Amino acid sequence: MKCFDILEIEKKIEIVDIGAAATAEIPVYKKLIDLELANLNAFEGDSRESKKLKDKFGNNIKLYEQFLYDGSKQTLYLAAPESGMTSLLKPKHNALNFFNGFNKIGEVKKMESVQTTKLDDISELPLIDFIKMDVQGAELTVLKNGSKKIKNCLVVQLEVSYICLYENQPGFGEIDLWMRSQGFVPHCFLDVKRWSIYPTIFNNNFRTAGNQLLESDIVYVKDPLNFELLSNEQLKKIAIISHYCFQSVDLSGFVFLELEKRNIVPKESYKKYITNVKEFK
């Protein structure tokens with residue numbers, strides 16, 4: 001028996017990638033798409049990135065070319081596409097100057113007026129199971145204006161900042177407090193980015209990190225101490241996401257035990273999963 005065969009889900013996992021600009025990195029959810037376990041709904045308002053995303057995912061993507069925020073008109077600060085620093089928030093110059101190279105990396109090439117949309121106002125978008133978001137400081141505003149769409153969300157991957165590079169950008173602490181108020185707890189860091197402080201440069205390369213924290217990709221999950229509040233379907237989806245996206249075997253195992261208690265999966269499912277976990281990667 002393959003343990004993941006018994007976690008049959010009624011509907012595919014609904015993934016929403018907000019700020020889905022094609023970068024060199026492979027998104028953590030790609031395995032779910034490859035296994036046809038999930039649908040990908042991607043938001044990317046920067047038209048320079050649309051073709052890349054379509055080339056990358058083909059028919060496996062539903063692309064929304066909208067800027068998610070609070071529904072108001074905003075100024076878009078366009079940086080070079082490869083910088084990843086295009087934002088609805090204005091760059092904070094003293095913060096950029098604090099880090100080596102960021103006065104060039106974060107340089108604004110052009111400004112445009114754009115109409116933003118609330119996540120809750122995207123009527124055709126289904127309820128979300130997994131959010132990945134990287135919108136250069138606008139994450140918390142997007143979340144607060146999407147509370148209806150994300151009310152059943154199980155996993156959220158966010159980029160959070162320790163020294164904010166944009167004006168009026170919420171820092172990690174503010175985002176963490178809000179996420180906890182919505183029933184989420186931190187699960188893991190996928191990446192912790194450090195940078196060197198101007199003017200000290202290591203190894204003649206301004207990209208060689210010092211100790212100063214810059215930003216991280218952090219994963220939040222619905223609080224495992226309150227798993228009794230979740231449906232069987234939601235628990236199955238958490239087990240699948242945590243295993244394939246984050247290799248969080250212990251979290252998936254914890255879900256198997258909960259499903260055993262509910263008589264949803266056969267007894268010994270947890271044991272078989274842990275014993276044979278390498279077969280399911």
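Our subject is the structure that appears above.
As the structure is a prediction and not an experimental result, all values here were calculated from the model.

Draft legend 1. Quick look at the nonpolar core. By size, the foremost hydrophobic cluster in this structure holds 45 residues, and its most contacted members are I18, F43, F102, I131, L158, L165 and M179. Non-local contacts of M179, meaning those with residues more than four positions away in its chain, are made with L143, V156, L158, F184 and Y220.

Draft legend 2. Molecular detail of the pairing of strand β2 (residues 38–43). Here β2 lies mainly inside the structure; five of its six residues are buried. With six bridges joining them, strand β1 (residues 13–18) and β2 adopt parallel strand pairing. Along β2, the bridge assignment pairs I13 with A38. Judged from the three bridges that link them, β2 and strand β3 (residues 62–64) form a sheet pairing that is parallel. Bridged to F43 within β3 is Y64. After leaving β2, the chain enters helix α2 (residues 50–57) and then returns to the sheet as β3, a path that is right-handed.

Draft legend 3. Broad picture of α2. Those residues of α2 not exposed but buried are S50, L53 and F57. Down the axis of α2, the buried side of the element spans an arc of 65°, and every buried residue falls inside it. Along α2, the residues that are exposed and aim more than 90 degrees away from the buried face are K51 and D55. Contacts from the buried residues of α2 go to β2 and β3. Positive backbone phi, at 55°, marks G58, one or two positions downstream of α2.

Draft legend 4. Highlighting the environment of E279. Considering the arrangement of structural elements, one finds E279 in the segment after α9 (269–275). Spatially, the C-alpha atoms of E279 and N39 are 24 Å apart, while their sequence positions differ by 240 residues.

Draft legend 5. Molecular detail of a nonpolar patch on the surface. Together, L257, Y270 and I274 line one region of the surface with nonpolar side chains, adding up to about 220 Å² of accessible area. Here Y270 shows up in helix α9. For Y270, a relative accessible area of 31% puts it in the partly exposed group.

Draft legend 6. The sheet that holds strand β6 (residues 110–117), seen in detail. An order of β4-β6-β5 is seen for the three strands of this open sheet, with the pairing classed as mixed. Each end of this open sheet is capped by a strand with a single partner; those strands are β4 (67–68) and β5 (73–78).

Draft legend 7. How the structure looks around the pattern of salt bridges. Applying the stated rule across the entire model yields seven salt bridges. The shortest N-O distance in the salt bridge between D129 and K237 comes to 3.1 Å. Taken as a pair, D129 in the loop between β6 and β7 (130–133) and K237 in helix α7 (residues 232–246) lie far apart in primary sequence, 108 residues in all.

The rules behind each value
Residues numbered from 1 in each chain as written. Predicted model: local features only at pLDDT ≥ 70, side-chain atom pairs only at ≥ 80, totals over all residues. Heavy atoms only, no water. Core = buried A, V, L, I, M, F, W, Y, C linked by side-chain atoms within 4.5 Å. Buried < 20%, exposed > 50% of the residue type's maximum accessible area, 1.4 Å probe, protein only. Contact = heavy atoms within 4.5 Å. Helix = DSSP H or I, 4+ residues; strand = E, 2+ residues; numbered from the N terminus. Pairing = 2+ DSSP bridges. Right-handed = clockwise from strand over helix to strand, strands pointing away. Arc of directions from axis to C-beta. Patch = residues over 30% accessible without salt bridge, like charges linked within 9 Å, V, L, I, M, F, W, Y side chains within 5 Å. Areas by Shrake-Rupley, 256 points an atom, 1.4 Å probe, with all protein chains shown as cover. Salt bridge = Lys/Arg side-chain N within 4 Å of Asp/Glu carboxyl O.

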